[in-house]
Amino acid sequence: MAPHPVVQAIIDLSAGAFGGTACVLSGQPFDTAKVKMQTFPTMYKGFVDCFVKTYKQVGFRGLYHGTTPALMANIAENSVLFMCYGFCQQVVRKVLGRDNAAVLSDLENAAAGSLASIFSSMVLCPTELVKCRLQAMYEMEASGRIAERQTSVWSVVKAILQSEGPLGMYRGLSSTLVREIPGYFFFFGGYELSRSIFASRGKTKEELGVLPVMFSGGFGGACLWLAVYPIDCVKSRIQVLSMAGKQAGFLKTFNSIVRNEGIPALYSGLTPTMIRTFPANGALFLAYELSRKMMMKQFDS
């Protein structure tokens, strides 16, 4: 017997929160390096150089700058994402004229994930804005773009509200949506495809062990970043550099990067991102699947 839709939504919301927490705790230093290299690609020779210089500048804690908003961002995003993923799967079933319990194909699950990302973007954008600014704060001060560093979540939020008003918290929303909608098509599509391949050996997807689930999560994350990384680079530039004043929109920023720095600049920071994606997204889906199964079992009992 399936849980009531409201109960199912709460289960998916909670499981998404557990997954988001596991994702951040396992991959934050690599995410910090990614944002620094995206925003200031000429400052670092590579991700190892970025790690070493960050450690020398501000110590080991520098690799964990932005952890609080990152936790807020990932918990908020994944809670809403996985809750809406369940709803969007039902929408896909209705559009296709399927029964409510019908099993969707990998492609259909990918479409549901893409649709769900629209809703998660609305809660992700403000928290990711604060995270990116905190992560690149040292570089903004060192390059002379800002006079004084903001060192806490509240100081960043306060500065945004004072200079841009409440709508300033949604700086980079259009590029977030441009990234998320196709990105989560590949994310969920890659995850479900990998699980299907593992399940073809005689097991169902629900019976897969820890390693297949973690690999599938990492594979889904790799598919996402390979598909949309240049978009994420533009988004990071907009969100960080807008601290110093008015920043151009998505297309102008994209054209400026390509014209002045070349195509490779759009992929600056890709190495730490790809290293991070397997443990971080593997942990995300493992925490999501295990916590969801436990909560569903409690309901069944």
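Residues numbered from 1 in each chain as written. Predicted model: local features only at pLDDT ≥ 70, side-chain atom pairs only at ≥ 80, totals over all residues. Heavy atoms only, no water.

An unreviewed UniProt entry lists the protein under the name Solute carrier family 25 member 15b, with Lepisosteus oculatus given as the organism. Under Sequence similarities (unreviewed entry), UniProt gives the following word-for-word description of the protein: "Belongs to the mitochondrial carrier (TC 2.A.29) family." Per its UniProt entry, the protein bears the Subcellular location (unreviewed entry) comment "Mitochondrion membrane". (UniProt positions renumbered as here; feature names shortened; annotations may be inferred.)

Visitor: Give a description of the packing of helix α1 (residues 5–39) against helix α3 (residues 67–96) that names residues and reports values.
Guide: Direction vectors running N to C along α1 and α3 enclose 145°, while the axes themselves pass 7 Å from each other. The handedness of the crossing between α1 and α3 is right-handed. Residues A9, D12, L13, G16, A17, G20, T21, C23, V24 and Q28 of α1 form the contact with α3, whose own contacting residues are T67, A70, L71, N74, I75, N78, S79, V80, F82, M83, G86 and F87. Taken together, the residues of the contact of α1 with α3 break down into 12 nonpolar, nine polar and one charged. (Axes fitted to C-alpha atoms, helices over the stretch in contact; angles between N-to-C directions. Helix = DSSP H or I, 4+ residues; strand = E, 2+ residues; numbered from the N terminus. Left-handed = near helix turned anticlockwise from the far one by under 90°. Contact = heavy atoms within 4.5 Å. Nonpolar A, V, L, I, M, F, W, Y, C, P; charged D, E, K, R; others polar.)

Visitor: I'd love a proper account of the packing of aromatic side chains, names of residues and values included.
Guide: Under the counting rule described, the total for this entry stands at 19 aromatic pairs. Ring centres of F82 and F285 lie 5.8 Å apart, and the angle between their planes is 85°; on these two criteria the pair is classed as edge-to-face. Within this pair, whereas F82 is found in helix α3, its partner F285 is found in helix α10 (residues 270–300), the two being separated by 203 residues in sequence. Judged by its relative accessible area of 1%, F285 is buried. Judged by centre distance (5.7 Å) and plane angle (45°), the rings of F215 and F278 are tilted. Of the two residues, F215 sits in helix α8 (residues 210–241) while F278 sits in helix α10, which places them 63 residues apart along the sequence. Overall, F215 belongs to the partly exposed group, its relative accessible area being 39%. Look at F278 and you get partly exposed, because its relative accessible area is 33%. (Phe/Tyr/Trp six-rings, centres within 6.5 Å; stacked < 30°, edge-to-face > 60°. Buried < 20%, exposed > 50% of the residue type's maximum accessible area, 1.4 Å probe, protein only.)

Visitor: I'd like a rundown of empty space enclosed by the protein, residues and numbers included.
Guide: Vacant regions in the atomic arrangement are exposed by a probe of water-molecule size rolled over the atoms. Enumeration according to the criterion identifies one cavity of 30 Å³ or more in this entry. Reported here for the largest cavity is a volume of approximately 340 Å³. As for the largest cavity, its lining consists of 24 residues, of which N74, E77, Y184, W225 and R276 are closest to the centre. Mapped onto the lining of the largest cavity, the elements with two or more residues apiece are α1, α3, α4 (106–135), α7 (173–199), α8 and α10. (1 Å grid on protein atoms, 1.4 Å probe; cavity = no way out; pocket = protein on both sides within 12 Å on 5 of 7 lines; lining within 4 Å. Points joined across faces, edges and corners; volume = space filled by probe spheres on them.)

Visitor: How would you summarise a nonpolar patch on the surface if you had to cite specific residues and measurements?
Guide: Among the surface-exposed residues, V91, V95, L96, L115, I118, F119 and I181 lie close enough to one another that they form a single nonpolar patch of about 570 Å² accessible area. Contributing elements (two or more residues each) for the nonpolar patch: α3 and α4. Along the chain, V95 turns up in helix α3. (Patch = residues over 30% accessible without salt bridge, like charges linked within 9 Å, V, L, I, M, F, W, Y side chains within 5 Å. Areas by Shrake-Rupley, 256 points an atom, 1.4 Å probe, with all protein chains shown as cover. Salt bridge = Lys/Arg side-chain N within 4 Å of Asp/Glu carboxyl O.)

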